Amino acid sequence: MNAPHLTPDQIARPVPAELLAQLRAHFGERCSTALAVRQQHGRDESPFDVPPPEAVLFCESTADVALAVRLAAAHRVPVIAYGAGSSLEGHLLAVQGGLSLDLSRMNQVMRVQAEDLTATVQPGVLRSQLNREIKDQGLFFPIDPGADASIGGMSATRASGTNAVRYGTMRENVLALEVVTASGEVIHTGTRARKSSAGYDLTRLMVGSEGTLGIITEVTLKLHPLPECVAAAICFFADVGAAVNTTIQLIQLGVPIARCELLDTHAVRAVNHHDHLGLKEAPMLLMEFHGSDASVKEQAATVQELARDWGGQDFQWATTPEERTRLWTARHHAYLSALQMKPGCRAVTTDTCVPISRLAEMVTAALAEAEAAGLPHFVVGHVGDGNFHIAYLIDPALPAERELAEDLNRRVVERAIAAQGTCTGEHGIGLHKQGFLVDETGEGAVAMMRAVKQALDPHNILNPGKIFQL
């Protein structure tokens, strides 16, 4: 088993003065070399500290992106797409210097084809923004990774989240893309049709490529009708194993639950402290049901019966939008809430996904190791599809804590791969999990990925140093 990266390789590729002059001529004040702006674009939620990019470009159109990439390609300068800055594995860090292309101003919902259940958006559109704009048409976009991430970033990292158990991930919900290639050419992949057998599936190649094969400038998405009835429920358990086993049985019985989220005791305690919820501080399942009024009642009755079999207690229902929002807001705040429990800390976060039948043993083992190590931690999980996250809270001034957290991380991943699972269910590889990618897929598969990268980006300017080293 390869160890995770503690310090990423850094090989600076400077931005020539000639290139900066060309960029300033086109972008004007939208080309910034101010330290504060560069630092903002040189840090994500990972535990890595890397020098910031040399310049930040605020792009407002596909033409802006294409020009920036063409100019950078002529000087062999790296370019890194920047969305909302919420990545966890070092995806946006400028390990080889270069330019950060901030796409947040490309935030228009271009077209909504309600009759076809599709929408086309720019990459800077936020998940919450899209749902606000289509709600009045009786539609919603279900992918919810927790953070209010950008659609472009969610596509680049193949995000999933709380609704994946019913609605799938970005892989299943992206129909077509507009992409700027490493040469600055604008290409289109896919169509608004629900399926195709026309050549290589370039859309799926780009979804999850972490900005290393192209920069996404437009995304066509599947939408879904708003369900007739939505109900949420919470239930508490004596231990995490009982909560996860309840989930396993729900999935095996085919109960069409929309969301099923696990929070361990530490996560519940953190959201209580942050949002003043007054929840019982015990392992908790947070569930949501979509469908007709009758089907939701039927699902709820089945879930309550199964939960009781595993010792589930204090079942509480939230049927109004306000009550549901209150509970889901707490879940979305879990990460930031937990960071506040240890002021000044950084989080070393890992996520794995395993076959659903193996999930309970995986979560239980991870928690037992963390407790024995004495390192503050918490677990949340999209347990309905076998995906869980464990975060270790470390003092960045104490290298021993980082090393301990990475050792615990390695053990979690090692068990997941041995169970025929994956080293990352949704966070991606970035800098942090490059060695684990080799463990999971083998050297041959990684060599094939490198060959694809070299064919599409021969000068290695698109987010270099991520997923694997060239």
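Refer to the structure presented above.
Residues numbered from 1 in each chain as written. Predicted model: local features only at pLDDT ≥ 70, side-chain atom pairs only at ≥ 80, totals over all residues. Heavy atoms only, no water.

Participant: What's the story with the overall build of the protein in this structure? I'm lost.
Facilitator: Looking only at helices and strands, the protein has 17 helices and 18 strands in total. Here the C-alpha radius of gyration of the protein, 22 Å, is about what a compact globule of 470 residues would show, namely 23 Å. Over its C-alpha atoms, taken along the principal directions, the protein stretches across nearly 70 × 55 × 45 Å. Among the 470 residues that make up the protein, the fraction classed as buried is 57%. Looking at the protein alone, contacts between residues at least 24 apart form 73% of all its contacts between residues at least 6 apart. Carbon and sulfur atoms form 53% of the exposed surface of the protein, whose accessible area is close to 18,600 Å². Separation of charge centres in the protein, based on 39 positive and 53 negative side chains, amounts to 3 Å. (Helix = DSSP H or I, 4+ residues; strand = E, 2+ residues; numbered from the N terminus. Rg over C-alpha atoms; globule rule 2.2 N^0.38 Å. Buried < 20%, exposed > 50% of the residue type's maximum accessible area, 1.4 Å probe, protein only. Contact = heavy atoms within 4.5 Å. Areas by Shrake-Rupley, 256 points an atom, 1.4 Å probe, with all protein chains shown as cover. Lys, Arg positive; Asp, Glu negative; His and termini not counted. Charge placed at Lys NZ, Arg CZ, Asp CG, Glu CD.)

Participant: Looking at this structure, how should I read the sheet that holds strand 2 (residues 55–58)?
Facilitator: Picture the strands of a sheet paired through backbone hydrogen bonds; they go either parallel or antiparallel. Within the open sheet, the four strands sit side by side as 1-2-4-3. Their pairing is mixed. Each end of this open sheet is capped by a strand with a single partner; those strands are strand 1 (31–32) and strand 3 (79–82). When strand 2 meets strand 4 (residues 99–102), the two strands line up parallel, connected through four bridges. Paired with A55 across the strands is L99, a residue of strand 4. Taken strand by strand, helix 1 (residues 17–27) contacts strand 1, strand 2 and strand 4, and its axis lies near 25 degrees from that of strand 2. (Pairing = 2+ DSSP bridges. Axes fitted to C-alpha atoms, helices over the stretch in contact; angles between N-to-C directions.)

Participant: Before we go on, may I ask you to explain the sheet that holds strand 15 (residues 313–318) in this structure?
Facilitator: Taken together, the seven strands give an open sheet; going across it, the order is 15-12-14-13-17-18-16, and neighbouring strands pair in antiparallel fashion. One side of each edge strand has no neighbouring strand; the edge strands of this open sheet are strand 15 and strand 16 (346–353). Taken over all neighbouring pairs, the strand axes of this sheet differ in orientation by 15 degrees on average, direction set aside. Alignment of strand 17 (residues 377–382) against strand 18 (residues 387–394), held across six bridges, turns out to be antiparallel. Note that in strand 18 the partner of H382 across the bridge is N387.

Participant: It is not clear to me how the pairing of strand 9 (residues 186–190) should be interpreted in this structure. Could you clarify?
Facilitator: A regular strand places its side chains on the two faces of the sheet in alternate fashion. Where strand 8 (residues 174–180) lies against strand 9, five bridges are found, and the strand directions are antiparallel. In the sheet register, V179 faces strand 9, and the bridge partner there is I187. Between the antiparallel neighbours strand 8 and strand 9 lie five residues, among them G184 with a positive phi of about 90 degrees.

Participant: Quick question: what am I supposed to make of the packing of aromatic side chains here?
Facilitator: Geometry of an aromatic ring pair is reported as the spacing of the ring centres plus the angle between the planes. All told, the structure shown has three aromatic pairs when counted by the stated rule. Members of the aromatic cluster, connected to one another through ring pairs, are F289, F315 and W317. One residue, R259, lies across the ring of W328, its end atom 4.2 Å from the ring centre. (Phe/Tyr/Trp six-rings, centres within 6.5 Å; stacked < 30°, edge-to-face > 60°. Lys NZ or Arg CZ within 6 Å of the ring centre and 35° of its normal.)

Participant: What's the story with the pattern of salt bridges in this structure? I'm lost.
Facilitator: Pairs can form between side chains of opposite charge whenever their charged atoms are close. One pass over the structure, following the stated rule, counts 24 salt bridges. In this structure, E281 and R269 form a salt bridge, with 3.1 Å as the shortest nitrogen-oxygen distance. With a gap of twelve residues between them, E281 in the loop between helix 10 (265–275) and strand 14 (284–291) and R269 in helix 10 connect regions that are remote in the sequence. Through salt bridges that share partners, E369, D407, R410, R411, E414 and R415 make up one connected network. (Salt bridge = Lys/Arg side-chain N within 4 Å of Asp/Glu carboxyl O.)

Participant: Before we go on, may I ask you to explain the nonpolar core in this structure?
Facilitator: A general feature of soluble globular proteins is that nonpolar side chains tend to end up buried together. Core analysis: the biggest nonpolar cluster contains 43 residues, and V244, L262, M287, V363 and F388 have the highest contact counts within it. At the level of elements, strand 12 (229–236), helix 9 (240–252), strand 13 (259–263), strand 14, helix 11 (293–309), helix 14 (359–373), strand 18 and helix 15 (399–418) are the ones that each hand at least two residues to this core. Sorting elements by how many residues they give to this core places helix 14 first, with seven residues. Beyond its immediate sequence surroundings of up to four residues, V363 is in contact with V240, V244, L262, V379 and F388. (Core = buried A, V, L, I, M, F, W, Y, C linked by side-chain atoms within 4.5 Å.)

Participant: In this structure, what is going on with the side chain of N463? I would like to understand it.
Facilitator: Inspection of the secondary structure assignment puts N463 in the segment after helix 17 (443–456). In this structure N463 comes out as buried when scored by relative accessible area, which is 4%. Beyond its immediate sequence surroundings of up to four residues, N463 is in contact with V79, I80, H91, L93, E210, G211 and T212.

Participant: Explanation requested: the side chain of T162 in the structure shown.
Facilitator: Here T162 lies in the loop between helix 5 (151–156) and helix 6 (164–167). Note on T162: relative accessible area 2%, which makes it buried. Sequence-distant contacts of T162, that is, excluding residues within four places in its chain, are made with D144, A258, R259, C260, E261, W328 and H382.

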